[in-house]
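Okay, here's what each chain looks like letter by letter:
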Amino acid sequence: MSTAVGVDVSVTPETFTLVNYDAGEIAEIAANLWQRIGLPEGRSLRLEIDETTPLGRANIVSVDPPVLALESGALEDSHRPRCLSRPGSEDVIGRLLFKLGDRIDPAFGEPPDDDDIPLTVSSAWDVYAVGRLSRLGFPNQRQRRLYQFRVRHGFADQVDAVFNQLWNAEDLTWTGLLELSERATNGS
């Protein structure tokens, strides 16, 4: 559907009937993010969007080949129901693509499947991903991520310090991410 340097993006469904989304626009957003993040060339990315639910779950279904599954609410404009939010889509798809990049980078390590990752660690990984996305110049919701991180790890100065480390990090490994999440949880 959309091809940028290094990636061929397909979106299902190709035509939306329940939400006012354009598959071509979503594919273009994903292709641009793929290129800006610096993911490997010569790949195909599939986005499977469930337009039957206004909920917002979004996850990586497969690493090889790369497949992202998103509920339509994850891409929705909060002020215009059933309409696509470009900044929101960049945030959600970008976060997932950074995590996909981590998963395919041998130096990062081998995280378990998303469903097997504790909420505290998943929250820490989200902060790490969105911090990098922010440094590429994409809009971010830093305060939202900070609040979510605090809810999972506690409301304390040490938690905020770990959040800042994650937000500003460039080359974390899975083990490093686990250690930072643990430090925030235990306050050590």
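Shown above is the structure to which this text applies.
Remarks on the overall build of the protein chain
Inference 1: On a plain count of helices and strands, the protein chain comes out with 6 helices and 7 strands.
Inference 2: By the compact-globule yardstick of 16 Å for 188 residues, the protein chain fits well, its C-alpha radius of gyration being 16 Å.
Inference 3: Seen along its three principal axes, the alpha-carbon backbone of the protein chain occupies a region of about 50 × 35 × 30 Å.
Inference 4: The buried share of the protein chain, taken over its 188 residues, is 48%.
Inference 5: Long-range pairs, those at least 24 residues apart, make up 58% of the contacts in the protein chain with a sequence separation of at least 6.

Some words on the nonpolar core
Inference 1: One finds Ile26, Leu47, Leu70, Ile93 and Leu97 to be the most contacted residues of the largest nonpolar core, which totals 35 residues.
Inference 2: Those elements that provide at least two residues to this core are strand S2 (7-12), helix H1 (23-37), strand S3 (43-50), strand S4 (58-62), strand S5 (67-71), helix H2 (86-104) and helix H3 (119-135).
Inference 3: Counting residues per element, this core draws most heavily on H1, at 9 residues.
Inference 4: Leu47 has contacts with Val9, Ser10, Val11, Thr12, Ile26, Ala30, Leu68, Leu70 and Ile93, leaving out every residue within four places of it along the chain.

Regarding the environment of Glu170
Inference 1: The topology assignment puts Glu170 in the loop between helix H5 (157-168) and helix H6 (174-186).
Inference 2: Overall, Glu170 belongs to the partly exposed group, its relative accessible area being 48%.
Inference 3: Separated by 35 residues in the primary sequence, Glu170 and Arg135 have C-alpha atoms spaced 10.0 Å apart.

Focus on the packing of aromatic side chains
Inference 1: This model, assessed by the stated rule, comprises 7 aromatic pairs.
Inference 2: Both rings, one in Phe108 and one in Trp125, keep their centres 5.6 Å apart while their planes meet at 20°; by these two values the pair is stacked. Of this pair, Phe108 sits in the loop between H2 and H3 while Trp125 sits in helix H3, and the two are 17 residues apart along the sequence. Pair check on accessibility: Phe108 and Trp125 agree, each one buried.

Looking at the environment of Thr12
Inference 1: Position of Thr12 among the secondary structure elements: in strand S2.
Inference 2: Distance in space between the C-alpha atoms of Thr12 and Gly42 is 20 Å, their sequence separation being 30 residues.
Inference 3: In this view, Thr12 contacts Leu47, Glu48 and Ile49; residues no more than four positions away in its chain are not counted.

Brief notes about the side chain of Arg95
Inference 1: Within the secondary structure layout, Arg95 lies in helix H2.
Inference 2: The exposure class of Arg95 is buried, given its relative accessible area of 11%.
Inference 3: Within polar-contact distance, the side chain of Arg95 engages the side chain of Asp126 at 3.4 Å.
Inference 4: With residues near it in sequence (within four places) discarded, Arg95 still touches Ala58, Glu90, Asp126, Ala129, Val130, Leu133 and Arg145.

Here's the deal with a nonpolar patch on the surface
Inference 1: A surface patch of nonpolar side chains, amounting to about 340 Å² of accessible area, comprises Tyr147, Val151 and Phe155.
Inference 2: Take Phe155: it is sitting in the loop between helix H4 (142-153) and H5.

A closer look at H6
Inference 1: In a regular helix each residue adds 1.5 Å, so 13 residues correspond to 18 Å; H6 covers 18 Å between its end C-alpha atoms and thus fits that length.
Inference 2: Taken together, the buried positions of H6 are Trp174, Gly176, Leu177, Leu180, Ser181 and Ala184. In a view along the axis of H6, the buried residues occupy a sector of 165°, so they form one face of it.
Inference 3: In the core, the buried residues of H6 are packed alongside H3, H4 and H5.
Inference 4: Looking one or two places after H6, you find Gly187, whose phi comes out positive at around 65°.

Comments concerning the packing of H3 against H5
Inference 1: The interhelical angle for the contact between H3 and H5, taken along N-to-C directions, is 50°, at an axis separation of 7 Å. Judged on the interaxial angle alone, H5 and H3 are oblique. At the point where H3 passes H5, the crossing takes the right-handed sense. Residue-level contacts link Ala124, Val127, Tyr128, Val130, Gly131, Arg132, Ser134 and Arg135 of H3 to Phe163, Leu166, Trp167 and Asn168 of H5.
Inference 2: Of the residues that constitute the contact of H3 with H5, the class distribution is 7 nonpolar, 3 polar and 2 charged.

What counts, and where the lines are drawn
- Residues numbered from 1 in each chain as written.
- Predicted model: local features only at pLDDT ≥ 70, side-chain atom pairs only at ≥ 80, totals over all residues.
- Heavy atoms only, no water.
- Helix = DSSP H or I, 4+ residues; strand = E, 2+ residues; numbered from the N terminus.
- Rg over C-alpha atoms; globule rule 2.2 N^0.38 Å.
- Buried < 20%, exposed > 50% of the residue type's maximum accessible area, 1.4 Å probe, protein only.
- Contact = heavy atoms within 4.5 Å.
- Core = buried A, V, L, I, M, F, W, Y, C linked by side-chain atoms within 4.5 Å.
- Phe/Tyr/Trp six-rings, centres within 6.5 Å; stacked < 30°, edge-to-face > 60°.
- Polar contact = N/O pair within 3.5 Å; in protein donor to acceptor, adjacent residues only side chain to side chain.
- Patch = residues over 30% accessible without salt bridge, like charges linked within 9 Å, V, L, I, M, F, W, Y side chains within 5 Å.
- Areas by Shrake-Rupley, 256 points an atom, 1.4 Å probe, with all protein chains shown as cover.
- Salt bridge = Lys/Arg side-chain N within 4 Å of Asp/Glu carboxyl O.
- Expected span 1.5 Å × (residues − 1).
- Arc of directions from axis to C-beta.
- Axes fitted to C-alpha atoms, helices over the stretch in contact; angles between N-to-C directions.
- Parallel < 35°, antiparallel > 145°, perpendicular 65-115°, else oblique.
- Left-handed = near helix turned anticlockwise from the far one by under 90°.
- Nonpolar A, V, L, I, M, F, W, Y, C, P; charged D, E, K, R; others polar.

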